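Summary of the model geometry
Residue-level listing of the chains:
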Amino acid sequence: FLKFSITYRRYFSVSSTLERDMMNSNRCNFEFTSAEVKYGKFGPLRLPPFGKGWFETVYMDSDMRIARDIRGDTLIVMKDTSSVPFTIPVTSTTRS
């Protein structure tokens, strides 16, 4: 069981729960528990939580995950390598 929140550009945030489906180990169930929006000097304005469903991992390796959700959508998630620190490869030099 996991609780998490996502904030989009400081204006919109949503919280939800995520839980592995006990009948299908490839499936996770989620439910949105709260949402709020900030607009100028107004906010945060709380919105009613909306939505619940599931997604199922159909393929996963160390760089990519492919999932199908309750609506039949396919989601392809790639590993973000931009946060990996830049390193200079070590090369050997030979003197003659």
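Residues numbered from 1 in each chain as written. Predicted model: local features only at pLDDT ≥ 70, side-chain atom pairs only at ≥ 80, totals over all residues. Heavy atoms only, no water.

1. A short note on the confidence of the model for the chain
This is how the line gets drawn: Per-residue confidence from the predictor is reported as pLDDT, which spans 0 to 100. Only DSSP runs of H or I covering at least 4 residues are called helices, and only runs of E covering at least 2 are called strands; the numbering of each starts at the N terminus. Contacts between residues were defined by any pair of non-hydrogen atoms, one from each residue, lying within 4.5 Å.
Mean pLDDT over the chain stands at 82; residues scoring 70 or higher make up 85%. By mean pLDDT, the top-scoring element of the chain is strand β5 (residues 52-60) (94), and the lowest-scoring one is strand β1 (residues 2-8) (77). Of the regions scoring below 50 in pLDDT, residues 91-96 engages in zero contacts with residues more than four places distant in sequence or in other chains.

2. Some remarks on the layout of surface pockets
So the rule is basically this: Buriedness of a pocket was judged along seven lines, with at least five required to meet protein on both sides within 12 Å; pockets are open sets of points on a 1 Å grid over the protein atoms alone, cavities are sets where a 1.4 Å probe fits but cannot get out, and lining residues have an atom within 4 Å of a point. Grid points are joined across faces, edges and corners, and a volume is the space filled by probe spheres set on the points. All residues other than Ala, Val, Leu, Ile, Met, Phe, Trp, Tyr, Cys, Pro, Asp, Glu, Lys and Arg, Gly among them, are scored as polar; the first ten of these are nonpolar and the last four charged.
When its volume is computed, the largest pocket comes out at roughly 310 Å³. Residue lining of the largest pocket: 15 residues in total, with Phe 30, Phe 55, Asp 69, Arg 71 and Leu 75 positioned closest to the centre. Those elements that provide at least two residues to the lining of the largest pocket are β5, β6 (64-69) and β7 (74-78). Taken together, the residues that form the lining of the largest pocket break down as seven nonpolar, two polar and six charged.

3. Comments concerning the packing of aromatic side chains
Rules: Only rings of Phe, Tyr and Trp enter the pairing, Trp through its six-membered ring, and a pair is recorded when the two centres are within 6.5 Å. The plane angle decides the type: under 30 degrees is stacked, over 60 is edge-to-face, the rest tilted. Exposure is judged per residue with a 1.4 Å probe applied to protein chains only, and the accessible area is read against the type maximum: over 50% gives exposed, under 20% gives buried, and values in between give partly exposed.
On inspection of all chains with the given rule, the structure shows two aromatic pairs. Summarising the aromatic geometry, the rings of Phe 30 and Phe 32 are spaced 5.5 Å apart at their centres and angled 65° between planes, so their arrangement reads as edge-to-face. Under the relative-accessibility criterion, Phe 30 is labelled partly exposed at 21%. A relative accessible area of 28% places Phe 32 in the partly exposed class. One aromatic cluster in this structure is built from Phe 30, Phe 32 and Phe 50.

4. Details of the pattern of salt bridges
Spelled out, the test is: Just to be clear on terms, a salt bridge is a Lys or Arg side-chain nitrogen sitting within 4 Å of an Asp or Glu carboxyl oxygen.
Scanning all chains against the criterion turns up five salt bridges. In this structure, Arg 46 and Glu 36 form a salt bridge, with 3.1 Å as the shortest nitrogen-oxygen distance. Here the residue Arg 46 occupies a position in strand β4 (residues 42-47), and Glu 36 occupies one in strand β3 (residues 27-39), the gap between them amounting to ten residues. Overall, Arg 46 belongs to the exposed group, its relative accessible area being 68%. Accessibility expressed as a relative area gives 17% for Glu 36, which makes it buried. Here the residues in one salt-bridge network are Arg 27, Glu 56 and Arg 68, joined through shared partners.

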